[in-house]
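Survey of secondary and tertiary structure
Residue-level listing of the chains:
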Amino acid sequence: MSTLANQLVLAERQDVARGIRFLLGRPLITERGDPAAFELIRRRQDLLTKWFDYNCGWQLVVEPRLGYARLFKIRALPEASRPARRLRSGKAPFDRRRYTLLCVVAAELLPVPVTTVGLLADRVVQACATDEALPPFDTATRSERMAFVDVLKLLESFGALLTVDGVTENFVDSAKAKVLYRVDATVLMRLLAAPVGPSRLAVPAEDVPLRFEELLRGSVRESRYGGADASDAQRNLGLRHSVLRRLLDDPVLHHDELGADEIAYLGSPTGRLIVRRAAEQGGFVLEERADGLLLVDPDGIATDSRFPDDSATARVAALLLLEPLTAAPDGLTPEQLTVEANALLRRFPQWAKSYQSEDGAQRLAADAVRVLDDFGLVRRTGDRTVPRPAALRYRTTVTDGPATWDDSPAT
């Protein structure tokens, strides 16, 4: 093979690896939002489509003329560790009110190519007033306007709502703010990633709270894997996809989180080969431990959330609390964690200003544990927080200055 041919093959592999990690970190990429990433995905779309379909059973849709690429990531068991977040200061997770408004706003945007913030708010007011299952929406209340703006900013970040004139945040201060939008209905329609549309699970509104978990599972049920009478081919396909979905989508995959058939698949020559090949093709470093598996992205582009990370007080505290947690194999109680958090606050009085209050240590401990739980580093057992094996790969070094860390595997 000529030198030029070798270079072309290498360039293709590098492009595919970067495209895989771009899409894992941001399942919706628009040409307007990231021209370089979108062009790479457009150029390698056939290889990327085949890779995601074979390894994960995830559909990749690339629309060059419409300017977007959408990876439909599906999980067999829906979970809430990656909520939508408010893009204003703090990035707090969406609450029930914001999720409700998100659904209503998306529905009201579909039929209108152009709108203003005021007209859209009026449509949402009317929609909520005419549907008895929805709480009323009142633009005279500042908290309601803030929730509305959080929804609009999220849709802007997806590229489904484009600001033509004005500033969305101005609506928080005044319901009379003037903002003009253009709606990208094609992107809006691609936001929902569910094999079974909610409309096909239609149940009376009063039954939804009672059957919510059942309905969530129903929305992600995939017929390709069969049921109780699945063939061997369907079972093997399901095992491959379930293992690789979790490995690619979760911070860490512990063996004790898997079923016996998934463990057997990972232990088989075919399973090990497929996992290692997928990691290599995606440009990941695969860590294989006795307790589980972990994919490391050297370039840090395959995730939208990182740990360690000093961008938030709770994440710094989470890293610092790993030391007492890993020293206590049986875990720590909330009271013990509060004591540890209080010691941190006393030791660094100029740090974590928002937690320097009477109940600050308790709040800091709770927020830090939530971070550790989301990253698969601890589990809740009764009233105790217990470290998981992956927590041992982190070591902290505290000086008089900011905390630093060594995230190399523990030895």
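The rules behind the values
Residues numbered from 1 in each chain as written. Predicted model: local features only at pLDDT ≥ 70, side-chain atom pairs only at ≥ 80, totals over all residues. Heavy atoms only, no water. pLDDT = per-residue confidence, 0-100. Contact = heavy atoms within 4.5 Å. Axes fitted to C-alpha atoms, helices over the stretch in contact; angles between N-to-C directions. Helix = DSSP H or I, 4+ residues; strand = E, 2+ residues; numbered from the N terminus. Parallel < 35°, antiparallel > 145°, perpendicular 65-115°, else oblique. Left-handed = near helix turned anticlockwise from the far one by under 90°. Nonpolar A, V, L, I, M, F, W, Y, C, P; charged D, E, K, R; others polar. Pairing = 2+ DSSP bridges. Patch = residues over 30% accessible without salt bridge, like charges linked within 9 Å, V, L, I, M, F, W, Y side chains within 5 Å. Areas by Shrake-Rupley, 256 points an atom, 1.4 Å probe, with all protein chains shown as cover. Salt bridge = Lys/Arg side-chain N within 4 Å of Asp/Glu carboxyl O. Buried < 20%, exposed > 50% of the residue type's maximum accessible area, 1.4 Å probe, protein only. Phe/Tyr/Trp six-rings, centres within 6.5 Å; stacked < 30°, edge-to-face > 60°. Lys NZ or Arg CZ within 6 Å of the ring centre and 35° of its normal.

**A look at the confidence of the model for the chain**
Residues at a pLDDT of 70 or more form 95% of the chain, whose mean pLDDT is 89. Across residues 402–411, where pLDDT falls below 50, the model places 26 contacts with residues more than four positions away in sequence or in other chains.

**A closer look at the packing of helix 1 (residues 3–25) against helix 2 (residues 35–43)**
Describing two packed helices takes the angle between their axes plus the distance from one axis to the other. Two numbers describe how helix 1 lies on helix 2: the axes approach to 9 Å, and their chain directions differ by 120 degrees. Classed by the angle they form, the pair helix 1 and helix 2 counts as oblique. With respect to the hand of their crossing, helix 1 and helix 2 are arranged in left-handed fashion. Counted together, Asp15, Arg18, Gly19, Phe22 and Leu23 of helix 1 and Ala37, Leu40, Ile41 and Arg43 of helix 2 form the full contact between these two elements. Here the contact of helix 1 with helix 2 is built from residues that sort into five nonpolar, one polar and three charged.

**Description of the sheet that holds strand 6 (residues 180–183)**
Strands sit in the order 4-6-5 across an open sheet of three strands; the sheet is antiparallel. Strands with a single pairing partner mark the edges of an open sheet, and in this sheet they are strand 4 (114–116) and strand 5 (161–165). The mean inter-strand angle of the sheet, taken between neighbouring strand axes irrespective of direction, is 35 degrees. Alignment of strand 4 against strand 6, held across three bridges, turns out to be antiparallel. Across the sheet, residue threonine 115 finds its bridge partner in strand 6, namely tyrosine 181. Most of the contacts of helix 6 (residues 142–158) go to strand 5, to which it runs at about 100 degrees, and overall it touches strand 5 and strand 6.

**Some details on a nonpolar patch on the surface**
On the surface, a cluster of nonpolar side chains totalling about 220 Å² of accessible area is made up of Val114, Val164 and Leu180. Following the sequence through the fold, leucine 180 ends up in strand 6. Taking relative accessible area as the criterion, leucine 180 reaches 30% and is therefore assigned partly exposed.

**Some points on the packing of aromatic side chains**
Evaluated as defined, the whole model comprises seven aromatic pairs. For the pair phenylalanine 348 and tryptophan 351, a centre-to-centre distance of 6.4 Å together with 80 degrees between the ring planes defines the contact as edge-to-face. A single burial state applies to phenylalanine 348 and to tryptophan 351, both of which are buried. Each member of the aromatic cluster is reached from another via a ring pair, and the members are Phe137, Phe148 and Phe171. Seen from the ring of phenylalanine 72, arginine 70 lies directly overhead, with NZ or CZ sitting 5.0 Å from the centre. One cation-aromatic arrangement involves arginine 240 over tyrosine 54; the distance from NZ or CZ to the ring centre is 3.9 Å.

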